[in-house]
Amino acid sequence: MNVRALKRVYFVGIGGIGMSALARFFRNQGTVVSGYDRTETPLTKQLVAEGMDVHYTDDISLIDKEAELIVYTPAIPKDHAELNWLKDNGYPVYKRSDVLQWITEALFSVTVAGTHGKTTISTMIAYLLRETGYGCNAFLGGISVNYNSNYWSSDNATAVIEADEYDRSFLKLFPDIAVLTAIDADHLDIYGTAAEVEAAFIQYTKNIKAGGTLVAKHGLHRAKDLQASNTITYSLQNDAADVYGANIVQKDGGYVFDVIAKDWMIHDVRLPIGGMHNAENAIAAIAVTQLLQIDADKVKQALAGFKGIKRRFEYVVKNERVVYVDDYAHHPEELAALIQSAKRLFAGRKCVVAFQPHLFTRTRDFADGFATSLSMADEVVLLDIYPARELPIEGVTSQMIADRMGNPNHTILTKEGLLDYVKAAKPELFITAGAGDIDKLVNPIKEILENK
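Residues numbered from 1 in each chain as written. Predicted model: local features only at pLDDT ≥ 70, side-chain atom pairs only at ≥ 80, totals over all residues. Heavy atoms only, no water.

Undergrad: Honestly, the overall build of the protein chain in this entry has me stumped. Any pointers?
TA: Helix and strand counts for the protein chain come out as 14 helices and 21 strands. Relative to the 2.2 N^0.38 estimate, which gives 22 Å for 452 residues, the radius of gyration of the protein chain is 22 Å and therefore close to what a compact globule would have. With the C-alpha coordinates of the protein chain rotated into their principal frame, the extents come out at 60 × 55 × 45 Å. Taking as baseline every contact in the protein chain between residues at least 6 positions apart, the subset at least 24 positions apart corresponds to 65%. Just so you have it, the protein chain exposes about 18400 Å², and 47% of that area is on carbon and sulfur atoms. Side chains of the protein chain give 46 positive and 57 negative charges; the mean places of these two sets differ by 2 Å. (Helix = DSSP H or I, 4+ residues; strand = E, 2+ residues; numbered from the N terminus. Rg over C-alpha atoms; globule rule 2.2 N^0.38 Å. Contact = heavy atoms within 4.5 Å. Areas by Shrake-Rupley, 256 points an atom, 1.4 Å probe, with all protein chains shown as cover. Lys, Arg positive; Asp, Glu negative; His and termini not counted. Charge placed at Lys NZ, Arg CZ, Asp CG, Glu CD.)

Undergrad: Would you mind showing me how to read helix H3 (residues 81-88) here?
TA: An α-helix turns once every 3.6 residues. As a result, residues three or four positions apart point the same way. Looking only at H3, the buried set comprises Glu82, Leu83 and Leu86. One side of H3 carries all its buried residues, which in axial view fall inside an arc of 95°. (Buried < 20%, exposed > 50% of the residue type's maximum accessible area, 1.4 Å probe, protein only. Arc of directions from axis to C-beta.)

Undergrad: When you look at the environment of Arg8 in this model, what are you seeing that I'm missing?
TA: Looking at where Arg8 falls in the secondary structure, it is placed in strand E1 (residues 8-12). On the basis of relative accessibility, which here comes to 28%, the residue Arg8 falls in the partly exposed class. Considering only alpha carbons, one finds Arg8 and Ala228, 220 residues apart in sequence, at a separation of 38 Å. Apart from the residues lying within four places of it in its own chain, the contact partners of Arg8 are Thr31, Val32, Asp64, Glu66, Ala67, Glu68 and Leu69. Reaching out from Arg8, the side chain makes a polar contact with the side chain of Asp64 at a distance of 3.0 Å. (Polar contact = N/O pair within 3.5 Å; in protein donor to acceptor, adjacent residues only side chain to side chain.)

Undergrad: Just to check I follow, could you spell out the packing of helix H5 (residues 118-131) against helix H8 (residues 276-291) for this structure?
TA: Helix packing geometry: the angle between the two helix axes and the distance between the axes. Direction vectors running N to C along H5 and H8 enclose 45°, while the axes themselves pass 9 Å from each other. If you check the angle between H5 and H8, you find them oblique. Between H5 and H8 lies a crossing of right-handed hand. Here Thr120, Ile121, Met124, Ile125, Leu128 and Leu129 of H5 lie close against H8, whose contacting residues are Asn278, Asn281, Ala282, Ala284, Ala285, Val288 and Thr289. Taken together, the residues of the contact of H5 with H8 break down into nine nonpolar, four polar and no charged. (Axes fitted to C-alpha atoms, helices over the stretch in contact; angles between N-to-C directions. Parallel < 35°, antiparallel > 145°, perpendicular 65-115°, else oblique. Left-handed = near helix turned anticlockwise from the far one by under 90°. Nonpolar A, V, L, I, M, F, W, Y, C, P; charged D, E, K, R; others polar.)

Undergrad: Teacher, can you tell me more about the environment of Ala200 here?
TA: Along the chain, the position of Ala200 falls in helix H7 (residues 194-206). Counting along the chain gives 29 residues from Ala200 to Leu171, while the straight-line C-alpha distance between them is 7.6 Å. Not counting residues within four places of it along the chain, the set of residues in contact with Ala200 comprises Phe170, Leu171 and Tyr191.

Undergrad: Help me understand the sheet that holds strand E10 (residues 177-180) in this model?
TA: Strand pairing within a sheet occurs via backbone hydrogen bonds; the two strands may be parallel or antiparallel. If you walk across this open sheet you meet the ten strands as E8-E7-E9-E6-E10-E11-E12-E13-E14-E15, and the pairing is mixed. On the outer flanks of this sheet lie strand E8 (149-152) and strand E15 (265-271), each paired with one strand and no other. Taking the axes of each pair of neighbouring strands and ignoring which way they run, one obtains an average angle of 20° across the sheet. With seven bridges connecting them, strand E13 (residues 243-251) and strand E14 (residues 254-261) associate as antiparallel partners. What sits directly across from Lys251, in E14, is Gly254. Along the sheet, helix H4 (residues 96-105) contacts strand E6 (108-113), strand E7 (137-144) and strand E9 (158-162); its crossing angle with E9, the most-contacted strand, is approximately 155°. (Pairing = 2+ DSSP bridges.)

Undergrad: I would appreciate a short explanation of the pattern of salt bridges in the present structure.
TA: Close approach of charged atoms allows side chains of opposite charge to pair. Considering all chains together, one arrives at 17 salt bridges under this definition. One salt bridge in this structure joins Arg24 and Glu50, with 2.9 Å as the shortest N-O distance. Here Glu50 lies in the loop between helix H2 (42-49) and strand E3 (53-55) and Arg24 lies in helix H1 (residues 17-28), a separation of 26 residues in the sequence. A relative accessible area of 5% means that Arg24 is categorised as buried. For Asp176, the salt bridge is made with Lys209, and the minimal N-O distance between the two is 2.9 Å. Residue Asp176 is found in the loop between E9 and E10, and its partner Lys209 is found in the loop between H7 and strand E11 (213-217); the two are separated by 33 residues along the sequence. Linked through salt bridges whose partners overlap, the residues forming this network are Glu198, Arg222 and Asp225. (Salt bridge = Lys/Arg side-chain N within 4 Å of Asp/Glu carboxyl O.)

Undergrad: Sorry, what's going on with the nonpolar core here?
TA: Most often, soluble globular proteins keep nonpolar side chains buried together rather than apart. Core analysis: the biggest nonpolar cluster contains 72 residues, and Ile125, Phe257, Leu271, Phe355 and Leu374 have the highest contact counts within it. Sort the elements by how many residues they give to this core and H8 lands first, with nine residues. Not counting residues within four places of it along the chain, the set of residues in contact with Leu271 comprises Met124, Gly254, Tyr255, Phe257, Asn278, Ala279, Ala282, Leu303 and Phe306. (Core = buried A, V, L, I, M, F, W, Y, C linked by side-chain atoms within 4.5 Å.)

Undergrad: What exactly am I supposed to notice about the pairing of strand E4 (residues 69-72) here?
TA: Of the two faces of E4, the one carrying Leu69 and Val71 and the one carrying Ile70 and Tyr72 are both buried. Where E4 and strand E5 (residues 93-95) come together, three bridges link them in parallel fashion. Bridging across to E5, Val71 finds its partner in Tyr94. Handedness of the crossover is the feature at issue here: the chain leaves E4, passes through H3, returns alongside E5, and the resulting connection is right-handed. (Right-handed = clockwise from strand over helix to strand, strands pointing away.)

Undergrad: Is there a simple way to think about the packing of H1 against H2 in this case?
TA: At a minimum axis separation of 11 Å, H1 and H2 run at an interaxial angle of 10°. By the angle between their directions, the pair H1 and H2 is classed as roughly parallel. Contact residues: Ile17, Ser20 and Arg24 in H1; Leu43, Gln46 and Leu47 in H2. A breakdown of the residues in the contact of H1 with H2 according to their chemical character gives three nonpolar, two polar and one charged.

Given below as structure tokens:
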């Protein structure tokens, strides 16, 4: 399908982070864009401000009946009236991944996949390409703080795409450069087993175009099964990798380090955001810029101005009295990296983590892992599970995690209870984490902490 020729496009689930990037792409080229989402959010408000018509009721009468393309997210429930009506009435209905495939068919594409870090790395790459003057079309799964957007365009026929493994949608992409960060078990409601997750990521590497390059984290499980014409590995500081960091120093809530490869080196790279895992993410992003032969000094200068991604080790409040970090972490490995990094950066401060589990199936499958990771904090507040697309599962609640925790300093609260807790407590290092709607509490918590 020629996406450039479309005059009207309708989105079912327009407020999703990946869907909204596509909506912005179409709007940017002058297409009439409208759509449905379940709830109004700051992001949907922005889409409306950018000229898109969005409604929040599943109502067939509100559909743009003249739409030439319908785009939907797999997160939409099967009994959704609008989506079923559109399918029954012969409209061209496609998933988000199909549209990304069309967009990238004619472009040189850099895709970033993996169970952790893909949003940060894809945003870093797209930011570096834009700031160095190389240019790219960015389709991201998070909001860049520098530009307050998850999409931007360029005359350069290059695309940077976050490749989402949910629903196997990333297997429709055929990249020139593919980044792979991790292949840990996740989305077991879709894949069933860890082995099936691994098989999908192996297939992702098989999709790399002939002559293309895989940029893979060093030491990945089943690394020998990954396939590409060319492969380079990256690591935080393991010199067995093709690209790695050295002389890492914590500075002002961020890091300064060298990036070393076999035939190039960049000294004193400054990353102004927290999280040691983000230093490793930056090394992967820098490796991609060097594959594209972008001037190293321009890359170094650009990275020093990187402000991060909303909800990815985002400093919401940072002063001598309190540090408040908000993060999207929703997997045990992500939580562990988040808590360890925060405690290292702000050693000596009592670390309190408020976590909202995401999905009943994920909570059931990884309860032990969540309990182990959360026990690293000094104190933990658990919110109820955010169901997203799922119905409750008997016996699966936040108590399931609490019962497995080795750290006795934990409690389960409502959202209102969490706000009351923050008012009463005097946190020195406070973290909110989760992929549900805990982000709606960020501004209220920020106001409480700043007014104390």
